[in-house]
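Report on the structure
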Amino acid sequence: MEYRLLGRSGLKISTVTMGTMTFGGQGWAKMVGDLGVAEARRLVDLCIDAGVNLIDTADVYSQGVCEEILGEIIGGPRKNGVLVATKARFRMGDGPNDTGSSRYHLISACEASLRRLKTDVIDLYQLHEWDGQTPLEETLEALDTLVRQGKVRYVGCSNFSGWHIMKALGVSEREKRERFVSQQIHYTLEARDAEYELLPISVDQGLGVLVWSPLAAGLLSGKHRRNQAAPEGSRQFAGWTEPPIRDENRLWNIVETLVAIADERGVSAAQVALAWLIGRKAVTSVIIGGRTEAQFKDNLAAAELKLNEDERKRLDAVSLPPVLYPYWHQLNTASDRLSEADLELFGPHLNR
């Protein structure tokens, strides 16, 4: 297992992070999984034994039950330097202040997560989504307070747009508040939107990148194929609708290329998709999830798989997003002065 620095922090995390959305099975999360403590413990131990040192969860997963299960497994003194990341922002009660990124909600949400996780400190506390109504000054002051109180070690964001991140970083600098060390984003071969702004921002501003649902909710696992019904037991079979697929033909072209490379290498399509992500310069870690030991073992093996340049070009050929304005103008007129951040978008286009 390789370990990478998380953004500009001194914290090293494994290139594979364990996701826990399959724990609990309450409400909407039941479509993803409904693992109890015993089943979840086996998977946690499997990941830790493979060298994974970060486990990611959120208060909204099964309305807190996921955190409770994780707390039963790793609460108290942690073995092997295991780190815990969780998130807050979404609704956790019926009251008008039981949602959002206000000082009221974030501090109460953090204290509730600490109780459920049976720990004194959260290693990475992330804003789960943008809040367009709470001033960033209030949100970042609340996060800064949690760090100064010793309840949180590092802070990050998730599902922010480019301008959301840059505004937050600007407020942090101006107000001398704790700065985001990372962003957690959706990024796959099928959904490469993050290359327009989010990955360049990460390189330019020194943010770590954690990738959620790196297999597009299983669509890139190789189990889903063109003109075939969703396999029974899959998220799509249960009615899961993330991520949105806007070009189904493109999706199946990507899957077929993944399967072809996987057959040539004697590995799974899922491993190829994950290795492609791990090989991107801006990506720190991919968050893997599942319901079975077989799924986790297969995904964990991707940490050791290195794709060659030809394989990456084949995957780019079927998955590259179009260069939108103003980027096509920059590419056409200013490609003589590209930064490392610019190359997160333009690199694959220049190599074609």
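Residues numbered from 1 in each chain as written. Predicted model: local features only at pLDDT ≥ 70, side-chain atom pairs only at ≥ 80, totals over all residues. Heavy atoms only, no water.

**So, the overall build of the chain**
As a reminder of what qualifies: Think of it this way: any DSSP run of H or I at least four residues long counts as a helix, any run of E at least two long counts as a strand, and we number them from the N terminus. Using C-alpha atoms as the atom set, the radius of gyration is obtained and then compared with a globule rule of 2.2 Å times the number of residues to the power 0.38. Any two residues whose heavy atoms approach within 4.5 Å at even a single point are treated as in contact. Residue burial considers only the protein chains on display, and all accessible areas are found by Shrake-Rupley using a 1.4 Å probe. His residues and chain termini do not enter the charge count, which takes Lys and Arg as positive and Asp and Glu as negative. To locate a charge, take NZ of a lysine, CZ of an arginine, CG of an aspartate or CD of a glutamate.
When helices and strands are tallied, the chain shows 12 helices and 10 strands. By the compact-globule yardstick of 20 Å for 352 residues, the chain fits well, its C-alpha radius of gyration being 20 Å. For the chain, the C-alpha atoms occupy an extent of roughly 50 × 50 × 35 Å along the three principal directions. Contacts in the chain between residues far apart in sequence, at least 24 positions, make up 77% of those at least 6 positions apart. Total accessible area on the chain is roughly 15300 Å²; 49% of this is exposed by carbon and sulfur atoms. When the 41 positive and 47 negative side-chain charges of the chain are each reduced to one mean point, those points stand 2 Å apart.

**Some details on the packing of aromatic side chains**
Centre distance and the angle of the planes are the two values used to describe a pair of aromatic rings. Let me state the cut-off plainly: Within 6.5 Å between ring centres, the rings of Phe, Tyr and Trp (the latter by its six-membered ring) count as paired, and their orientation is classed by plane angle as stacked under 30 degrees, edge-to-face over 60, tilted in between. Accessibility here uses a 1.4 Å probe with only protein chains present; expressed as a share of the type maximum, an area under 20% marks a residue as buried, one over 50% as exposed, and anything in between as partly exposed.
Scanning the model with the defined rule gives seven aromatic pairs in all. Measuring from ring centre to ring centre gives 5.4 Å for W130 and F160, while their planes differ by 85°; the resulting arrangement is edge-to-face. Note that W130 is positioned in the loop between β6 (122–127) and α4 (136–148) and F160 in the loop between β7 (152–158) and α5 (162–175), a separation of 30 residues in sequence. Here the two residues W130 and F160 agree in accessibility, since each one is buried.

**Re helix α6 (residues 198–205)**
Counting buried positions along α6 gives six out of eight residues, so the element sits mostly inside the fold. For α6, the complete set of buried residues consists of L198, L199, P200, I201, S202 and Q205. Elements in contact with the buried residues of α6: α5, β8 (180–186), β9 (208–212) and α12 (343–350).

**Things to note about the nonpolar core**
Operational definition: Side-chain atoms within 4.5 Å link the members of a nonpolar core, which is a set of buried Ala, Val, Leu, Ile, Met, Phe, Trp, Tyr and Cys residues.
In terms of nonpolar packing, the biggest core is built from 89 residues, with F180 and L220 touching the most fellow members. Here the element with the most residues in this core is helix α8 (residues 269–278); it accounts for nine residues. Excluding anything up to four places from it in sequence, L220 contacts T188, L189, E190, P214, L215, L251, I254, V255, L258, A269, A270 and A273. Core analysis: the next-biggest nonpolar cluster, separate from the first, contains 10 residues, L11, L54, L83 and V181 among them.

That is the geometry; function is a separate question.
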